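Residues per chain, in single letters:
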Amino acid sequence: MEVRRKFTIRPKLIEEESLSSYLVRTANLNGITSISEIWQVVKKGSYEVARNYFYKFDLFPTDIVHLKDLSILLNIKANELVVHSFEPIVSFLYPGAFGKMIFGKEIELKHRRFCRSCLKENGAFQLLWQVKEIQMCNKHLTRIESKCHGCGSEQSYSKKVLLEHLNCSVCGELLYKNIGKSSQDYNFINKQLRIYRDWNSLYTLSNFINSNNPKMSQPIHRKIAILLLFLTTPDTGSINYKNHPFFSPSQAKRLLDLVRNKSNDTLRLEFILNTLRKLDIEINSFLCLEVPISFMRRSINKAKNKKIQVVDCKSEWCKSYGTSNKMVDMKFSANKYVPKQNLYNQICVCTDCWVKVGISKEKLIWEEVNISMDLLEKINDSIVKGFSEKEIIQQLEINPDNLYFYMGYIYRFKPFNNNNLNTEARVKEESGSKLIDKFSLLKSFWKRNEQLTLQATKLFGWDVLSTYYYFWHPKVQKNIYLEENLRTTNIKKRKQLKNKLDRVIMHLVENNIEISLKEVAASLDITENTLKYHNLMENINEEKLRNKLNKENEQKAFIFQKINEYINNKKANEEIILVHEVHKFIGVSEKITKKYPEISRFISNSAKESKSEQKLIKKRNLEKTIIQIYKQYGRVDYSLLSEFLGVTKKTLTSSSGVYKGISSLIKNILADLENDKSCNTNNKK
């Protein structure tokens, strides 16, 4: 209670100040000389912290103190205190004890780091100064230091006496004495400003996410791994960690294992940030990216390197019998319908005899899929003996449609050298190209034999035998089983796809995902060829162009908004507008603004107008200064002007810029003042 009574003076938390720095400043203002006096009130259990471990207030304060008690002591909300430590970043990226060890490698935990200019201004130590890779103050462009300029001693994180927190631990010299000059190395400045932006974004984003406590759809490191692979992997082909174009094999494998849930690994922050810098992508933009569904499928589904086993042709009458020259694996090479694929591990077809064989999932042996050799031979023998179709159906007890299916094959290929078959008397020959067109119209019935024959009779007047004779035409077989069919247009399906397409495009636009043929196809769970088949390419290209124009207009509006914000701020402070400062403020390079001529012209014209306005402002300020000096001293000379304006006499007499004709200006102003004085005197009389 005694310590609480002492805390009557509670200064404001300075933006980006570390929690430990604020505790020290508050203690000093209230006459508390040792951190242990505060510690007794807020410590967690029996946890004791030596002076050398004072950094824990900045790394993860809830490990060592009750924030609620500290909040009461300082009269500041607990959630406002914790954001002045690295705890939100650690909780966001590296939860758990091991995570603190990983994150601790990025932070200087032994010595206090500082900017001399900032210390002189407010006496506070910023949190981000402890980040090892931040070597420059983003405000003054001076080096971040940890040593006394007098004796060169490293400064400990906490002093024995809190009142001496701005003095050297060894010699007692003020740490902000002899302020250094700003760096002139522009490469170093740009690099450090990028590093500072990264950490500031990470710090801000972590605070936002932790305060809103979202339910992450996936672990953060898995999301980061997916995004890094998405940004660095070509748009085509599978993802191969051994030949990745950006990452080393070990790095790419680590990322892929994370994405595929094979690993619960965590990525070093140094690795993440360095990668983003090489890609020239800001953290805010990076974590807001949406990964296309098509890429997710490519990355999560490991590329299958199945060795396709192709069996020899088993049809004794086929000219390719006993060889695999004409055998095609349908399961992995066919683009469309594969019959009975659920019953077989693999299905092959001979493109000479068109008999299909497959490896049975149940028996694990090769067997016929579409033609039974025994039944084919029995039906052929019955035909040779002169039995009618009705008699064959009764003898073999088979379905009539099934009989004509086999008879169509026998008449087409004459498998047993049956020269007694009078094909011309039973069927009329048609060309393969015409048959392909007609079977395209029968596409919906390829899987159902009875419906196929009924529709063929209805559309083309074919009898059942003719239907199957045409069905077994080599070009028809190839078209059905091994080629994409682009001939049939299903109007109903096209309408359904058109409605789905509109919804998908709306979703892509709302989530800022690039509209592309591949992305739309993946979202609809269909192939790109299906979109082409239904003539939906024009819709996609129109939306793609419209979306591109909308994005450009949004970007232009955002850039103009930022430029106006900068210009208004400069005008309010009567400061000059510089082109390079405009680009730095809006975070957009000149290369990008040149793509928008109106923006480029606006920046240039604003800078020119500002230059002219600055001359008038300087002239006005000079006149005010002359009047002020005269009223205060009764005279105006170059010595007084030099002192008031902070310039040398040589500059005043140089007759350059605003000082051109200064002697005449002084005479005119003094003459006016004397006239005003005389007038006032006469009026009084």
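Everything that follows concerns the structure shown earlier in this document.
Since the structure is predicted, the reported quantities are computational estimates derived from the model, not experimental observations.

Once that is clear, we can look at the overall build of the protein. Helix and strand counts for the protein come out as 34 helices and four strands. Within the protein, the fraction of its 685 residues that count as buried is 43%. Sequence separation of 24 or more characterises 61% of the internal contacts of the protein that already satisfy a separation of 6 or more. For the protein, the computed accessible surface area is about 38,500 Å², with 49% contributed by carbon and sulfur atoms.

Positive phi, close to 55°, is recorded for Asn 178, a residue that is not glycine. Look at Asp 280: it is not a glycine, yet its phi comes out positive at around 55°. Positionally, Asp 280 belongs in the loop between helix H13 (269-279) and helix H14 (283-287).

Turning to the sheet that holds strand E3 (residues 356-360), a few remarks are in order. Reading across the sheet, the four strands line up as E1-E2-E3-E4 and stay open at both edges, with antiparallel pairing between neighbours. On the outer flanks of this sheet lie strand E1 (327-329) and strand E4 (366-368), each paired with one strand and no other. Mean inter-strand twist for the sheet, computed between neighbouring axes without regard to direction, equals 30°. Bridging between E3 and E4 involves three bridges; their strand directions are antiparallel. Within E4, the position partnered with Val 357 by the bridge is Glu 368.

As a further point, take the packing of helix H22 (residues 449-460) against helix H23 (residues 464-471). At their nearest, the axes of H22 and H23 sit 9 Å apart, and the two run at 110° to each other. With respect to each other, H22 and H23 are oriented roughly perpendicular. Taken together, the residues of H23 that come into contact with H22 (itself represented by Asn 449, Glu 450, Leu 452, Thr 453 and Ala 456) are Val 464, Thr 467, Tyr 468 and Phe 471. Its residues assigned to classes, the contact of H22 with H23 shows five nonpolar, three polar and one charged.

Moving on, we get to the side chain of His 84. Checked against the element boundaries, His 84 lands in the loop between helix H6 (78-82) and helix H7 (87-93). There is a polar contact of 2.7 Å between the side chain of His 84 and the backbone oxygen of Glu 17. Those residues within four positions of His 84 in sequence are excluded, and the remaining contacts are Leu 13, Ile 14, Glu 16, Glu 17, Ser 18, Leu 19, Asp 58, Leu 127 and Tyr 203.

The biggest cluster of nonpolar side chains holds 72 residues, and the ones touching the most others in it are Leu 70, Phe 86, Leu 93, Phe 103, Trp 199, Ile 224 and Leu 228. Looking at which element gives the most residues to this core, the answer is helix H11 (residues 220-232), with seven residues. Setting aside anything within four residues of it in sequence, one finds Phe 103 in contact with Leu 59, Phe 86, Ile 89, Val 90, Tyr 94, Trp 199 and Leu 269. Core analysis: the second largest hydrophobic core is formed by 52 residues, Val 349, Ile 392, Phe 405 and Leu 442 among them.

Moving on, we come to the pairing of E3. Burial analysis of E3 places five of its five residues in the buried class, which makes it a mostly covered element. Remark: five residues form the turn of the hairpin made by strand E2 (residues 344-350) and E3, two consecutive strands paired antiparallel; Trp 354 in that turn has positive phi of roughly 60°. Turn length for the E3-E4 hairpin, with the two strands adjacent in sequence and antiparallel, is five residues, and the turn residue Leu 364 shows positive phi of about 60°.

Moving on: the pairing of E2. Within E2, six of the seven residues are buried, leaving the element largely enclosed by the surrounding structure. Two strands pair when backbone bridges link them, and E1 and E2 are joined in this way by three bridges, in the antiparallel orientation. Each bridged residue has a counterpart across the sheet, and for Met 327 the counterpart in E2 is Cys 350. Across five bridges, E2 lies against E3 in antiparallel orientation. Looking at E3, one finds that Val 349 is bridged to Lys 356.

Moving on, we get to the environment of Leu 227. Its location among the elements puts Leu 227 in helix H11. Taking the C-alpha atoms as reference, Leu 227 lies 9.9 Å from Leu 255; in sequence the two are 28 residues apart. With residues near it in sequence (within four places) discarded, Leu 227 still touches Phe 286, Leu 287, Leu 289 and Val 291.

Let us now look at the pattern of salt bridges. Pairing between side chains becomes possible if they bear opposite charge and their charged atoms approach one another. The tally for this structure, following the rule as stated, stands at 21 salt bridges. Linking Arg 194 and Asp 198 is a salt bridge whose minimum nitrogen-to-oxygen distance equals 2.8 Å. With a gap of four residues between them, Arg 194 and Asp 198 both fall in helix H10 (residues 186-212), about one helical turn apart. Taking relative accessible area as the criterion, Asp 198 reaches 1% and is therefore assigned buried. When the shortest N-O distance is used, the salt bridge between Glu 270 and Arg 268 registers 3.3 Å. Among the residues examined, Arg 268 registers a relative accessible area of 29% and is labelled partly exposed. Put simply, Glu 133, Arg 194, Arg 197, Asp 198, Arg 277, Asp 280 and Glu 282 are held in one network by salt bridges that share partners.

Mapping Asn 167 onto the fold places it in the loop between helix H9 (116-122) and H10. In this structure Asn 167 comes out as buried when scored by relative accessible area, which is 19%. Asn 167 has contacts with Gln 155, Lys 159, Gly 172, Glu 173, Leu 174 and Leu 175, leaving out every residue within four places of it along the chain.

Our next topic: helix H21 (residues 432-441). Along H21, the residues that are buried comprise Gly 432, Leu 435, Ile 436, Phe 439 and Ser 440. One side of H21 holds all its buried residues, which, seen down the axis, span an arc of 140°. Facing away from the buried surface of H21 by more than 90 degrees, the exposed residues are Lys 434 and Leu 441. Check the buried side of H21 and you find it contacts H22, H23 and helix H24 (474-482).

All right, on to H11 then. When the terminal C-alpha atoms of H11 are compared, their 18 Å separation across 13 residues agrees well with the 18 Å that a helix rising 1.5 Å per residue should span. For H11, a buried count of ten out of 13 residues is recorded, marking the element as mostly surrounded by other parts of the structure. When we look at burial in H11, the residues that qualify are Ile 220, His 221, Arg 222, Ile 224, Ala 225, Ile 226, Leu 227, Leu 228, Leu 229 and Thr 232.

When two helices pack together, their arrangement is given by the angle between the helix axes and the distance between those axes. Running from N to C, helix H17 (residues 373-384) and helix H18 (residues 389-396) cross one another at 140°; their axes reach a closest spacing of 10 Å. Judged by the inter-axis angle, H17 sits oblique to H18. Read as a crossing pair, H17 and H18 show a hand that is right-handed. In this structure, H17 uses Leu 375, Lys 378, Ile 379, Ser 382 and Ile 383 to contact H18, whose residues at the interface are Ile 392, Gln 395 and Leu 396. Each residue belonging to the contact of H17 with H18 can be placed in one class, and the counts come to five nonpolar, two polar and one charged.

Thresholds, definitions, all that
Residues numbered from 1 in each chain as written. Predicted model: local features only at pLDDT ≥ 70, side-chain atom pairs only at ≥ 80, totals over all residues. Heavy atoms only, no water. Helix = DSSP H or I, 4+ residues; strand = E, 2+ residues; numbered from the N terminus. Buried < 20%, exposed > 50% of the residue type's maximum accessible area, 1.4 Å probe, protein only. Contact = heavy atoms within 4.5 Å. Areas by Shrake-Rupley, 256 points an atom, 1.4 Å probe, with all protein chains shown as cover. Pairing = 2+ DSSP bridges. Axes fitted to C-alpha atoms, helices over the stretch in contact; angles between N-to-C directions. Parallel < 35°, antiparallel > 145°, perpendicular 65-115°, else oblique. Nonpolar A, V, L, I, M, F, W, Y, C, P; charged D, E, K, R; others polar. Polar contact = N/O pair within 3.5 Å; in protein donor to acceptor, adjacent residues only side chain to side chain. Core = buried A, V, L, I, M, F, W, Y, C linked by side-chain atoms within 4.5 Å. Salt bridge = Lys/Arg side-chain N within 4 Å of Asp/Glu carboxyl O. Arc of directions from axis to C-beta. Expected span 1.5 Å × (residues − 1). Left-handed = near helix turned anticlockwise from the far one by under 90°.

From the geometry alone we can't say anything about function, so treat these as descriptive.
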